[in-house]
Amino acid sequence: MKQDSTETRRVIGDILALHAHEGHLGQDLLLPVLHAIQDRLGFIPPDAVEGLAQSFNLSRAEVHGVITFYHYYKTTPPARCTVQVCRAEACQSMGGDALLSHVQQALGCDLHAHTADGGFALEPVYCLGQCATAPAIMINDAVHARVTPQRFDRLVAKLSPKAEEVA
């Protein structure tokens, strides 16, 4: 989600106002506020850290430390599609490592990274509950089992911007 800085400041201001009690933001509200920001914007803009620190009477380092400590929080805009490859033992034993190598090559990025165009993010996941039908991946919210490199290519082809133009 791309937003201008004025809109981003407005969204964050609204979230802070919603969470403030009698005009005060207790430090115990930092995590709920960060969750709300991420839910609305898709990430926590790095340039919001200073304002958040002031609002919570914390240092920028303290707010930055919280954001970077929890893997849930993202500091860059989300990709259009997130591909998660199961790294659990059952999937690895059924070809998960080879599938991951293919996915990395096909997308042109490593784990914890975005493709050059920002369209895809590649993340590990540790069990999708598809052990009997391994290897498994999740694309956005859809779980796919018994994924081969060829099946992955077909799934991703359906998600490419050119496929959306044809549809």
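Residues numbered from 1 in each chain as written. Predicted model: local features only at pLDDT ≥ 70, side-chain atom pairs only at ≥ 80, totals over all residues. Heavy atoms only, no water.

**A few points about the packing of helix α5 (residues 89–107) against helix α6 (residues 149–159)**
To characterise two packed helices, one gives the angle between the axes of the helices and the distance between these axes. The N-to-C vectors of α5 and α6 enclose an angle of 35°; their axes lie 10 Å apart at closest approach. Judged by the sense of rotation from one axis to the other, the crossing of α5 with α6 is right-handed. For the pair α5 and α6, the contacting residues are L99, H102, V103, A106 and L107 in the first and P149, F152, D153 and V156 in the second. (Axes fitted to C-alpha atoms, helices over the stretch in contact; angles between N-to-C directions. Helix = DSSP H or I, 4+ residues; strand = E, 2+ residues; numbered from the N terminus. Left-handed = near helix turned anticlockwise from the far one by under 90°. Contact = heavy atoms within 4.5 Å.)

**What to know about the layout of surface pockets**
The computed volume of the largest pocket comes to approximately 710 Å³. At the level of elements, α2 (30–41), β1 (81–86), β2 (113–114) and β3 (120–125) are the ones that each hand at least two residues to the lining of the largest pocket. Examining the composition of the lining of the largest pocket, we find that three residues originate from one element, β3, more than from any other. (1 Å grid on protein atoms, 1.4 Å probe; cavity = no way out; pocket = protein on both sides within 12 Å on 5 of 7 lines; lining within 4 Å. Points joined across faces, edges and corners; volume = space filled by probe spheres on them.)

**What about the pairing of β3?**
In terms of burial, β3 is largely enclosed, as six of its six residues are buried. Here β3 shows a buried face lined by F120, L122 and P124 and a second buried face lined by A121, E123 and V125. Pairing of β1 with β3, which is carried by six bridges, proceeds in the parallel orientation. Its bridge partner lying in β3, C81 is registered against F120. Sheet analysis places β2 next to β3, joined by two bridges and oriented antiparallel. (Buried < 20%, exposed > 50% of the residue type's maximum accessible area, 1.4 Å probe, protein only. Pairing = 2+ DSSP bridges.)

**Digging into the sheet that holds β3**
Strand order in the open sheet formed by five strands is β2-β3-β1-β4-β5, with mixed pairing between adjacent strands. Two strands bound the open sheet, and with one partner strand each, they are β2 and β5 (142–144). Across the sheet, α6 is in contact with β1, β3, β4 (137–139) and β5; its angle to β4 comes to roughly 5°.

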